[in-house]
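Below are the chains, spelled out letter by letter.
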Amino acid sequence: MSVFLFLFIIMPIAEMAVLIQVGGMIGVLNTVGLVLLTAVIGAWLLRQQGLVTLLKANQRLNSGELPAKEVAEGLILAIGGALLLTPGFITDTVGFLCLIPGTRHWLAAQALKRMVVAGQSRGSSFYFRAGGGSNPFGQDPFGGQENPFGRQRPFDRDSNGDIIEGEYQDETESDRDRIEKK
């Protein structure tokens, strides 16, 4: 309830007070122009930083990694963009802080400490808690000790605990091959 009170009552009143103060100092048209200028600069920065974050996420996906940091940064970029499009100097300040890479990285790291990713795959559920801690679902879905990845399954490692890597070649016959043999 206090968050909604802040967002929908206190924040607009503070924005109006700042806009009136700035308008009294530099004039109404200059204030409106400054608000529009911050929106345009913010949209440009959002586009630039968003593309960089999207490319990083794509690279991590292609390398088989979970792009959790990039997802968190993308969410922060979206919030920053929405704040920049909202008229007012307080929201613009917070929005620009979300778009600055250093601040955004710090905010993403803070968000990742609290982030939990959960899902289901082929009938078995999984979870990953970036910040550590216990399984929010009450039990380890893999049946092992409680950690972000659960117990390794027997086919994941050989008897010495080493990961076995290799290459394979698919030698099954396709329908076309079977028809050509006849």
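Counting restarts for each chain, with residues numbered from 1 along the sequence as it is written. For a predicted model such as this one, the threshold for reporting local features is a pLDDT of at least 70, and the threshold for listing and counting side-chain atom pairs is 80 or more; totals across whole chains, interfaces and linings nevertheless cover every residue. The basis for the side-chain values is all heavy atoms of the structure; hydrogens and waters are excluded.

**Quick notes on the nonpolar core**
Next up, step 1: Here, nonpolar core refers to any group of buried Ala, Val, Leu, Ile, Met, Phe, Trp, Tyr and Cys residues whose side-chain atoms link them within 4.5 Å. In this scheme, a residue with accessible area under 20% of its type's maximum is buried, one over 50% is exposed, and one in between is partly exposed, where area comes from a 1.4 Å probe on protein chains only. Ranked by size, the top nonpolar core spans 6 residues in total: Ala68, Ala72, Ile76, Cys98, Ala108 and Leu112.
Next up, step 2: By definition, any uninterrupted DSSP run of H or I lasting at least four residues is a helix, any uninterrupted run of E lasting at least two residues is a strand, and each is numbered from the N terminus. For this core, the secondary-structure elements that each account for two or more residues are α3 (68-85) and α5 (101-114).
Next up, step 3: A per-element tally of this core places α3 first, with 3 residues.
Next up, step 4: Residues count as neighbours in contact if any of their non-hydrogen atoms are within 4.5 Å of one another. Those residues in contact with alanine 108 that lie beyond four places of it in its chain are Lys69, Ala72, Glu73 and Ile76.

**Re the pattern of salt bridges**
Next up, step 1: By salt bridge we mean one thing: a side-chain nitrogen of Lys or Arg within 4 Å of a carboxyl oxygen of Asp or Glu. If you walk through the whole model with that rule in mind, you get 3 salt bridges.
Next up, step 2: In this structure, glutamate 65 and arginine 60 form a salt bridge, with 2.9 Å as the shortest nitrogen-oxygen distance.
Next up, step 3: Residue classification places glutamate 65 among the partly exposed positions, given a relative accessible area of 39%.
Next up, step 4: For arginine 104, the salt bridge goes to glutamate 73, with nearest N and O atoms at 3.4 Å. Of this pair, arginine 104 sits in helix α5 while glutamate 73 sits in helix α3; the two residues are 31 residues apart in sequence, bridging distant segments of the chain. Note on accessibility: arginine 104 and glutamate 73 belong to one class, buried.
Next up, step 5: Linked by salt bridges that have partners in common, Arg60, Glu65 and Glu70 make up one network.

**Concerning the packing of helix α4 (residues 89-99) against α5**
Next up, step 1: At a minimum axis separation of 5 Å, α4 and α5 run at an interaxial angle of 80°. One finds that α4 runs roughly perpendicular with respect to α5. On α5, the residues touching Leu97, Cys98 and Leu99 of α4 are Pro101, Thr103, Arg104 and Leu107.
Next up, step 2: We call Asp, Glu, Lys and Arg charged. Ala, Val, Leu, Ile, Met, Phe, Trp, Tyr, Cys and Pro are nonpolar, and the rest, Gly among them, are polar. Across the contact of α4 with α5, the residue classes tally to 5 nonpolar, 1 polar and 1 charged. For helices, the fitted axis covers only the stretch in contact; all axes are lines through C-alpha atoms, and the angles between them, taken along N-to-C directions, range from 0 to 180 degrees. Small angles under 35 degrees read as roughly parallel and large ones over 145 as roughly antiparallel, with 65 to 115 read as roughly perpendicular and the rest as oblique.

**Focus: a nonpolar patch on the surface**
Next up, step 1: Taken together, the side chains of Val3, Phe4, Leu5, Phe6, Leu7, Phe8, Ile9, Ile10, Ile13, Met16 and Ile20 make up a nonpolar region of the molecular surface, amounting to roughly 1,100 Å² of accessible area.
Next up, step 2: Accessibility expressed as a relative area gives 49% for methionine 16, which makes it partly exposed. Nonpolar side chains (Val, Leu, Ile, Met, Phe, Trp, Tyr) are joined into patches within 5 Å and like charges within 9 Å, using only residues with over 30% relative accessible area and no salt bridge. Only the protein chains shown count as covering a residue, and every accessible area follows the Shrake-Rupley method with a 1.4 Å probe.

**Digging into α3**
Next up, step 1: In this model α3 runs 26 Å from its N-terminal to its C-terminal C-alpha over 18 residues, within 8% of the 26 Å that 1.5 Å per residue would give.
Next up, step 2: Ala68, Glu70, Ala72, Glu73, Ile76, Leu77, Gly80, Gly81 and Leu84 are the residues of α3 that are buried.
Next up, step 3: Looking at the buried positions of α3, the neighbouring elements they touch are α2 (28-62), α4 and α5. The length a helix should cover is 1.5 Å for every residue beyond the first.

**Topic: the packing of α2 against α3**
Next up, step 1: Direction vectors running N to C along α2 and α3 enclose 170°, while the axes themselves pass 10 Å from each other. With respect to α3, the element α2 is oriented roughly antiparallel. Each of Thr38, Ala39, Gly42, Leu46, Gln49, Gly50, Thr53, Lys56, Ala57 and Arg60 in α2 lies in contact with α3, whose residues at this interface are Glu70, Glu73, Gly74, Leu77, Gly81, Leu84 and Leu85.
Next up, step 2: Looking at the contact of α2 with α3 residue by residue, the class counts come to 6 nonpolar, 7 polar and 4 charged.

**Examining the packing of aromatic side chains**
Next up, step 1: Ring geometry is summarised as follows: Phe, Tyr and Trp rings, the Trp one being its six-membered ring, pair when their centres sit within 6.5 Å, and such pairs are stacked at plane angles under 30 degrees, edge-to-face over 60 and tilted between the two. What the rule picks out here adds up to 1 aromatic pair.
Next up, step 2: Summarising the aromatic geometry, the rings of phenylalanine 4 and phenylalanine 8 are spaced 6.2 Å apart at their centres and angled 10° between planes, so their arrangement reads as stacked. A residue pair is termed a helical-turn pair when its members lie 3 or 4 positions apart in one helix, as phenylalanine 4 and phenylalanine 8 do in helix α1 (residues 2-26) at 4 residues. Of the two residues examined, phenylalanine 4 and phenylalanine 8, each falls in the exposed class.

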